[in-house]
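This is what each chain is made of:
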Amino acid sequence: MADDGPAADTLTRLRRFFDINKYGLLVCALIATAAQFLAEHYGAPAMLMALLIGIAFHFLTEDPRMASGIDLTAKKVLRFGVAILGARISADMLIGLGWQMVLLLVLAVAGTILFGVALARLMGRSWHFGALSGGSVAICGASAAMAIAAILPKDKDSERNLIFVVMGVTILSTIAMIFYPILTSMLAFTDLQSGTFLGGTIHDVAQVVGAGFSVSVPAGEMATLVKLIRVTMLAPVILVLSLVIRNQMSGEVSETGRPPLLPFFVIAFLVLAAANTFGLVPEALGRLLAEISRWALLFAVAAVGMKTSLKSMLQVGGQAILLIVLETLFIGTIVLVGTIVIVR
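Overview of the structure.

Definitions and cut-offs
- Residues numbered from 1 in each chain as written.
- Predicted model: local features only at pLDDT ≥ 70, side-chain atom pairs only at ≥ 80, totals over all residues.
- Heavy atoms only, no water.
- Helix = DSSP H or I, 4+ residues; strand = E, 2+ residues; numbered from the N terminus.
- Rg over C-alpha atoms; globule rule 2.2 N^0.38 Å.
- Buried < 20%, exposed > 50% of the residue type's maximum accessible area, 1.4 Å probe, protein only.
- Contact = heavy atoms within 4.5 Å.
- Areas by Shrake-Rupley, 256 points an atom, 1.4 Å probe, with all protein chains shown as cover.
- Lys, Arg positive; Asp, Glu negative; His and termini not counted.
- Charge placed at Lys NZ, Arg CZ, Asp CG, Glu CD.
- Axes fitted to C-alpha atoms, helices over the stretch in contact; angles between N-to-C directions.
- Parallel < 35°, antiparallel > 145°, perpendicular 65-115°, else oblique.
- Left-handed = near helix turned anticlockwise from the far one by under 90°.
- Nonpolar A, V, L, I, M, F, W, Y, C, P; charged D, E, K, R; others polar.
- Core = buried A, V, L, I, M, F, W, Y, C linked by side-chain atoms within 4.5 Å.
- Phe/Tyr/Trp six-rings, centres within 6.5 Å; stacked < 30°, edge-to-face > 60°.
- Lys NZ or Arg CZ within 6 Å of the ring centre and 35° of its normal.
- 1 Å grid on protein atoms, 1.4 Å probe; cavity = no way out; pocket = protein on both sides within 12 Å on 5 of 7 lines; lining within 4 Å.
- Points joined across faces, edges and corners; volume = space filled by probe spheres on them.
- Salt bridge = Lys/Arg side-chain N within 4 Å of Asp/Glu carboxyl O.

Moving on to the overall build of the protein. When you go through the protein residue by residue, the secondary structure sums to 16 helices and zero strands. For the protein, the C-alpha radius of gyration of 20 Å lies close to 20 Å, the compact-globule estimate for 344 residues. Here the protein holds 344 residues, and 52% of them are scored as buried. Of all intrachain contacts in the protein linking residues separated by at least 6 positions in sequence, the fraction that spans at least 24 positions is 79%. Of the roughly 16,100 Å² of accessible surface on the protein, 70% is carried by carbon and sulfur atoms. One way to put it: in the protein the 23 positive side-chain charges average out to a point 5 Å from where the 20 negative ones average out.

This is the structure:
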């Protein structure tokens, strides 16, 4: 009977946890499912649909029965989704692509983030917003934006800026999915050149796949590979930003109050990537984890949408739109030139 005590206590805690968060979790699940339905039947980007529907249901965050579950989804479920994304990554991808292409992608990602930070400062905005938008454009769209936002210091504008960036890169990614394949055709690119350019420039993974395979199967495969290499750069970017933030906060808070050098969800991302590199993640399990990750991020986007009011979105300003557009043109130019020079 002695063993029943801790077990019963754990069960009670789990039941209480579910009771507190169930309504918020369920409404996030409902919005994510609706967004996926629209994506499958009408070709609309699922992330964008989850954002827009979430914003329309902003009033639900004022309901105490919903607030806790929505907040949990926006934070914990988000981190979980980013963490298991690592199961899609392996060092073999880097080796197979070649050092010149990897160097081009590293320079494109780092340059876009630095460009975003510098431009944000010139526009009178914080470097946090530049890092958020630049990282989102440079790495993997909404997923990167949400991962970077998780480690940035929070203020009254944090959620508004995040939802704006996610919406902005998703819309631009959709536009790029339509027009970039036309551009590669006008430039008479080979399949490998087309795949390299599309994978190195379009923001979201789904749009990269759509654009690449609309050109050809080899272009789609190359585009997906190049895009996943950009995704691998999420962890080092988070590490560098964490170091910068810790250094900035060193004089403001005690050692125990400083953010961790590397958040746990990034460590989990790296562990899964290492496991996949050594062949410890079966292909079927990798596909399952990728699908779970996609749904977790869709849930989280819905939650972030609900936490942001349309009124606050309108206060971001035209400068922020210009910033994301210029970042998109910046990485597009670098990858375009690199593709012409490197890929034959």
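Before going further, it helps to examine the packing of helix α2 (residues 46-56) against helix α8 (residues 158-186). At a closest axis distance of 9 Å, the pairing of α2 and α8 adopts a crossing angle of 140°. Considering the angle they form, α2 stands oblique to α8. Where α2 crosses over α8, the two elements pack in a sense that is left-handed. Contacts from Met47, Leu48, Leu51, Leu52 and Ile55 of α2 reach α8 at Ile163, Val166, Met167, Thr170 and Ile171. Considering only residue class, the contact of α2 with α8 consists of nine nonpolar, one polar and no charged.

Below, the discussion takes up the nonpolar core. Formed by 101 residues in total, the largest nonpolar core has its most connected members in Leu97, Leu132, Ile139, Met146, Leu162 and Phe265. Tallying contributions element by element places α8 first for this core, with 10 residues. Leaving out residues up to four positions away in the same chain, Leu162 has contacts with Leu132, Ala145, Met146, Ala149 and Val304.

Moving on, we get to the packing of aromatic side chains. Within the structure shown, the criterion is met by five aromatic pairs. When the centroid spacing of 5.9 Å and the interplanar angle of 35° are considered together, the rings of Phe57 and Phe59 count as tilted. Here Phe115 and Phe330 contribute two aromatic rings whose centre-to-centre distance is 4.4 Å and whose plane-to-plane angle is 10°, an arrangement assigned as stacked. Pair noted here: Phe115 is in helix α5 (residues 99-122) and Phe330 is in helix α16 (residues 318-342), with a separation of 215 residues, a long-range link. Phe115 sits in the partly exposed class, given a relative accessible area of 24%. It is Arg125 that lies over the ring of Phe129; its NZ or CZ is 5.3 Å from the centre.

Moving on, we come to the side chain of Thr112. Mapped onto the fold, Thr112 is located in helix α5. On the accessibility criterion, Thr112 (0% relative accessible area) is buried. Not counting residues up to four positions away in its chain, the partners in contact with Thr112 are Gly134, Val137, Ala138, Glu327, Phe330 and Ile331.

Turning next to the layout of surface pockets. Size it by volume and the largest pocket reaches roughly 660 Å³. Residue lining of the largest pocket: 28 residues in total, with Asp204, Val205, Ala206, Gln207 and Arg294 positioned closest to the centre. A total of seven residues in the lining of the largest pocket trace back to one element, the largest contributor, which is helix α14 (residues 283-306). Residue composition of the lining of the largest pocket, grouped by class: 15 nonpolar, eight polar and five charged.

Tracing the sequence through the fold places Ala300 in helix α14. C-alpha of Ala300 to C-alpha of Ile202: the two residues are 98 residues apart in sequence and 22 Å apart in space. The residues touching Ala300, leaving out its near neighbours within four places in the chain, are Thr73, Ala74, Leu78 and Met146.

Counting across every chain of the model gives six salt bridges. Two residues, Asp71 and Lys75, come together in a salt bridge whose shortest N-O distance is 3.5 Å. One end of the pair is Asp71 and the other is Lys75, both in helix α3 (residues 64-84) and four residues apart, which spans about a single turn. For Lys75, a relative accessible area of 38% gives the class partly exposed. For the salt bridge of Arg287 with Glu283, the shortest nitrogen-to-oxygen distance reads 3.0 Å. You can see Arg287 and its partner Glu283 sitting in helix α14, four residues apart, about one turn around the helix. Note on accessibility: Arg287 and Glu283 belong to one class, exposed. Salt bridges sharing partners connect three or more residues here, namely Asp71, Lys75, Glu159 and Lys307.

Direction vectors running N to C along α5 and helix α6 (residues 127-138) enclose 150°, while the axes themselves pass 7 Å from each other. Accordingly, the angle class assigned to the pair α5 and α6 is roughly antiparallel. For the element pair α5 and α6, the recorded crossing hand is right-handed. Here Val109, Thr112, Ile113, Gly116, Val117, Ala120 and Arg121 of α5 lie close against α6, whose contacting residues are Trp127, Gly130, Ala131, Gly134, Gly135, Val137 and Ala138. Here the residues of the contact of α5 with α6 are counted per class, giving eight nonpolar, five polar and one charged.

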